[in-house]
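Chain residues, written in single-letter form:
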Amino acid sequence: MIRSMLRGSRYLVLAAVFGAIAAAFALFTYGLVRTLMIVWQTFSDPQLSSKGGKLLMLAFIEIFDLFLLGTVLLIMGVSLYTLFVDTKMRLPGWLQANSFDDLKINLVAVVIVVMGVTFLGHVVAWDGESDLLQFGIATSLMTAVLTLFLWVAKGARAKAKATKADESEDTAPPPSDD
């Protein structure tokens, strides 16, 4: 009884899967509607100046940030589903998560991109008065730490795969001399 209950508990992750996919859908929809509104405003009342161009760039950078976060949530939802519910689901190589560590690596890689886009948005919106240096240093430090995590995690994963391959070679039957 406990065994079947524990086996079935993996379906609890469906709450996170549905939540992540619903949040991704909301962000994609909001980003698309916002994009259409900005495009409409741009063509109906164009502000052909450097300030207008800068504001337009900033608006699209912020929208792209929404799409990136939606993508992160979608990747997490799909990855959780394939890890816990349907391990045989076929996905593109870049989206496959064969372990919880793979899921963390995918998340951290996308978070680094989101941080870079967020910093770019701050640079474009910079008014020359706020202290952009502190935000830049904080973003750089976090990016460096997360990149170090990726480097260590990927190295550990490669080492584990090599060890597993070596072990499978040791247990393989010797080739026959037919």
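Structural notes, computed from the coordinates.

Calculation criteria
- Residues numbered from 1 in each chain as written.
- Predicted model: local features only at pLDDT ≥ 70, side-chain atom pairs only at ≥ 80, totals over all residues.
- Heavy atoms only, no water.
- Helix = DSSP H or I, 4+ residues; strand = E, 2+ residues; numbered from the N terminus.
- Rg over C-alpha atoms; globule rule 2.2 N^0.38 Å.
- Buried < 20%, exposed > 50% of the residue type's maximum accessible area, 1.4 Å probe, protein only.
- 1 Å grid on protein atoms, 1.4 Å probe; cavity = no way out; pocket = protein on both sides within 12 Å on 5 of 7 lines; lining within 4 Å.
- Points joined across faces, edges and corners; volume = space filled by probe spheres on them.
- Nonpolar A, V, L, I, M, F, W, Y, C, P; charged D, E, K, R; others polar.
- Phe/Tyr/Trp six-rings, centres within 6.5 Å; stacked < 30°, edge-to-face > 60°.
- Contact = heavy atoms within 4.5 Å.
- Axes fitted to C-alpha atoms, helices over the stretch in contact; angles between N-to-C directions.
- Parallel < 35°, antiparallel > 145°, perpendicular 65-115°, else oblique.
- Salt bridge = Lys/Arg side-chain N within 4 Å of Asp/Glu carboxyl O.
- Expected span 1.5 Å × (residues − 1).

**Observations regarding the overall build of the protein**
Right, so step 1: Across its full length, the protein holds 5 helices and 0 strands.
Right, so step 2: Counting from the amino terminus, helix and strand elements in the protein follow one another as α-α-α-α-α.
Right, so step 3: Relative to a compact globule of 178 residues, whose C-alpha radius of gyration would be 16 Å, the protein shows 23 Å and is clearly more extended.
Right, so step 4: With respect to the three principal axes, the spread of C-alpha positions in the protein is 80 × 40 × 35 Å.
Right, so step 5: Looking at the 178 residues of the protein, the share that counts as buried comes to 26%.

**Notes on the layout of surface pockets**
Right, so step 1: Within this model, the largest pocket holds a volume of roughly 350 Å³.
Right, so step 2: For the lining of the largest pocket, the secondary-structure elements that each account for two or more residues are helix H2 (14-44) and helix H3 (50-84).
Right, so step 3: The residue makeup of the lining of the largest pocket, split by class, is 7 nonpolar, 6 polar and 3 charged.
Right, so step 4: Roughly 280 Å³ of volume is contained in the second largest pocket.
Right, so step 5: Taken together, 15 residues make up the lining of the second largest pocket; nearest its centre are Ser99, Asp101, Asp102, Ile105 and Arg157.
Right, so step 6: Mapped by element, the contributors of at least two residues to the lining of the second largest pocket are helix H4 (100-125) and helix H5 (132-171).

**Focus: the packing of aromatic side chains**
For any pair of aromatic rings, the description rests on two quantities: the centre-to-centre distance and the angle between the ring planes.
Right, so step 1: Enumeration according to the criterion identifies 2 aromatic pairs in this entry.
Right, so step 2: A centroid spacing of 5.9 Å and a plane angle of 25° characterise the contact between Phe119 and Phe135, whose relative ring orientation is stacked. Remark: Phe135 occurs in helix H5 and Phe119 occurs in helix H4; sequence separation between them is 16 residues.
Right, so step 3: Classification of Phe119 by relative accessible area gives partly exposed; the value is 26%.
Right, so step 4: For Phe135, a relative accessible area of 30% puts it in the partly exposed group.

**Overview of the environment of Val114**
Right, so step 1: Along the chain, the position of Val114 falls in helix H4.
Right, so step 2: Residue class for Val114 comes out buried when judged on its relative accessible area of 17%.
Right, so step 3: Remark: the alpha-carbon pair of Val114 and Phe67, spanning 47 residues in sequence, is separated by 9.7 Å.
Right, so step 4: Not counting residues within four places of it along the chain, the set of residues in contact with Val114 comprises Asp65, Leu68 and Val72.

**Some words on the packing of H3 against H4**
Right, so step 1: Running from amino to carboxyl end, H3 crosses H4 at an angle of 170°, the nearest separation of the two axes being 9 Å. In this view, H3 runs roughly antiparallel relative to H4, as classed from their interaxial angle.
Right, so step 2: Class assignment for the residues of the contact of H3 with H4 results in 20 nonpolar, 4 polar and 2 charged.

**Quick look at the pattern of salt bridges**
Right, so step 1: One pass over the structure, following the stated rule, counts 1 salt bridge.
Right, so step 2: As a salt-bridge pair, Asp101 and Lys104 come within 3.1 Å of each other at their nearest N and O atoms. With Asp101 and Lys104 both in helix H4 and 3 residues apart, this pair spans about one turn of that helix.
Right, so step 3: Look at Asp101 and you get partly exposed, because its relative accessible area is 46%.
Right, so step 4: Taking the relative accessible area as the measure of exposure, Lys104 reaches 35% and is therefore partly exposed.

**Let's talk about H4**
Right, so step 1: Taking 1.5 Å of rise per residue, 26 residues should cover 38 Å, and H4 covers 37 Å from first to last C-alpha, within 8% of that figure.
Right, so step 2: Regarding H4, the residues found buried are Asp102, Leu103, Ile105, Asn106, Val108, Val110, Ile112, Val114, Met115, Val117, Gly121 and Val124.

**Brief notes about the environment of Ile112**
Right, so step 1: Note that Ile112 resides in helix H4.
Right, so step 2: Of the residues examined, Ile112 reaches a relative accessible area of 17% and is grouped as buried.
Right, so step 3: Residues Ile112 and Thr35 lie 77 residues apart in sequence; the distance between their C-alpha atoms is 24 Å.
Right, so step 4: In contact with Ile112, not counting residues within four places along its chain, are Thr143, Leu146, Thr147 and Leu150.

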